[in-house]
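# Fold and geometry: a report
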Amino acid sequence: MVIGTDVKTYFDGRWNDDDVMVMRAADHGSWLGSSVFDGARYFEGVAPDLLAHCRRLNDSAKSMGITPVHSEEDLLEISLEGLKRFSESAAVYIRPMYWALDGGKLGVLPKENATGFCVCLEELPMPPANKPLTLTRTRFRRPVLADAVVNAKAGCLYPNNGRMLREANDRGFDNALVADALGNVAETAVSNIFMTRDKEIFTPAANGTFLAGITRARVIKLLRKEGFQVHETVLTFEDFEGAEEVFTTGNMSKISPVSQFDDTNYQLGRIARLCRELYWDWAKSGH
């Protein structure tokens, strides 16, 4: 599935200038869903936190029982090599992936040291800074670790995200604000969520039902360095109805303002703008 243009694929030890075939019909990842990936971004000549994304890919693989075949440093080097195939002005989505090739006992458990690997790079523009999102509720929830591999960025989790988005889109909204197993707000269908109230900033505490994202962690760190109070805590839908400002963080768009949650409307506030400025300044600074 291509979401961008000008696809480059690293597979079987070399870079290809197209979207090459990488899976076989009998691969474990094809028919039993044992695949993990990570997503990073390249824009304006920088690839912020790329090493952290490579590290998370390997952690996700281990959580799924898939043997990583590259160190995080090797993943970084391969990705940077591929980015040289694009112009410095390009915005690129970086997606390294692992999947199991064979099954172990009963065929269901991924077999150790039998791993497929590729990196897919796609040119994909960054969304405009001031483009707001609209959110609504969904009847679908985030699972817990006892029920699903929520400690991995696993492909098998995304059909649940897809049905959340379908429900939201059918209602005329861009995205869904999603509950955890207890009914408290976890995140959106595809990104982490923040809200502000009384000049303080709040985000759902990482409780194991969702991936607390790399961009989320970076934004929290940058805001705290600026002197803001950022609370990682339990938040309800009523909290978001009473919020002054709401915004999301995620790899694809980095920081996006929210203009509406169901019948509640928000101003596109200064905190989201400041977050974006802080993030871009940090990314372009060379750290």
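Residues numbered from 1 in each chain as written. Predicted model: local features only at pLDDT ≥ 70, side-chain atom pairs only at ≥ 80, totals over all residues. Heavy atoms only, no water.

## Here we look at the packing of aromatic side chains
Counted by the stated rule, this structure contains nine aromatic pairs. On the numbers, 4.8 Å between centres and 35 degrees between planes, the contact of Phe-43 with Trp-280 is tilted. Here Phe-43, found in the loop between β4 (40-42) and α2 (50-64), pairs with Trp-280, found in helix α7 (residues 270-284); they are 237 residues apart in sequence, far enough to count as distant. Residue classification places Phe-43 among the buried positions, given a relative accessible area of 2%. With relative accessibility at 13%, the residue Trp-280 sits in the buried group. Every member of this aromatic cluster is reached through a ring pair, and the members are Tyr-10, Trp-15, Tyr-98 and Phe-117. Positioned above the aromatic ring of Phe-86, the side-chain terminus of Lys-8 is 5.5 Å from the ring centre. One residue, Arg-276, lies across the ring of Trp-280, its end atom 4.1 Å from the ring centre. (Phe/Tyr/Trp six-rings, centres within 6.5 Å; stacked < 30°, edge-to-face > 60°. Helix = DSSP H or I, 4+ residues; strand = E, 2+ residues; numbered from the N terminus. Buried < 20%, exposed > 50% of the residue type's maximum accessible area, 1.4 Å probe, protein only. Lys NZ or Arg CZ within 6 Å of the ring centre and 35° of its normal.)

## Notes on the pattern of salt bridges
Within this structure, the stated rule accounts for 17 salt bridges. Linking Asp-49 and Arg-218 is a salt bridge whose minimum nitrogen-to-oxygen distance equals 2.9 Å. One end of the pair, Asp-49, is in the loop between β4 and α2; the other, Arg-218, is in helix α5 (residues 214-225), with 169 residues separating them in the sequence. Residue Asp-49 is classed as buried on the basis of its relative accessible area, which comes to 13%. Given the relative accessible area of 17%, Arg-218 is considered buried. Two residues, Glu-122 and Arg-95, come together in a salt bridge whose shortest N-O distance is 3.0 Å. Remark: Arg-95 occurs in strand β5 (residues 92-100) and Glu-122 occurs in strand β6 (residues 115-123); sequence separation between them is 27 residues. Take Arg-95: its relative accessible area is 14%, and that puts it in the buried class. Bridged by salt links that share partners, the residues Asp-6, Lys-8, Asp-17 and Arg-85 form one connected network. (Salt bridge = Lys/Arg side-chain N within 4 Å of Asp/Glu carboxyl O.)

## As for the pairing of strand β8 (residues 175-179)
One face of the sheet, then the other: side chains in a regular strand alternate in exactly this way. Counting buried positions along β8 yields five of five residues, so the element is predominantly enclosed. Alignment of strand β7 (residues 133-141) against β8, held across four bridges, turns out to be parallel. Its bridge partner lying in β8, Leu-135 is registered against Asn-175. Handedness of the crossover is the feature at issue here: the chain leaves β7, passes through helix α4 (residues 158-170), returns alongside β8, and the resulting connection is right-handed. With three bridges joining them, β8 and strand β9 (residues 185-188) adopt antiparallel strand pairing. (Pairing = 2+ DSSP bridges. Right-handed = clockwise from strand over helix to strand, strands pointing away.)

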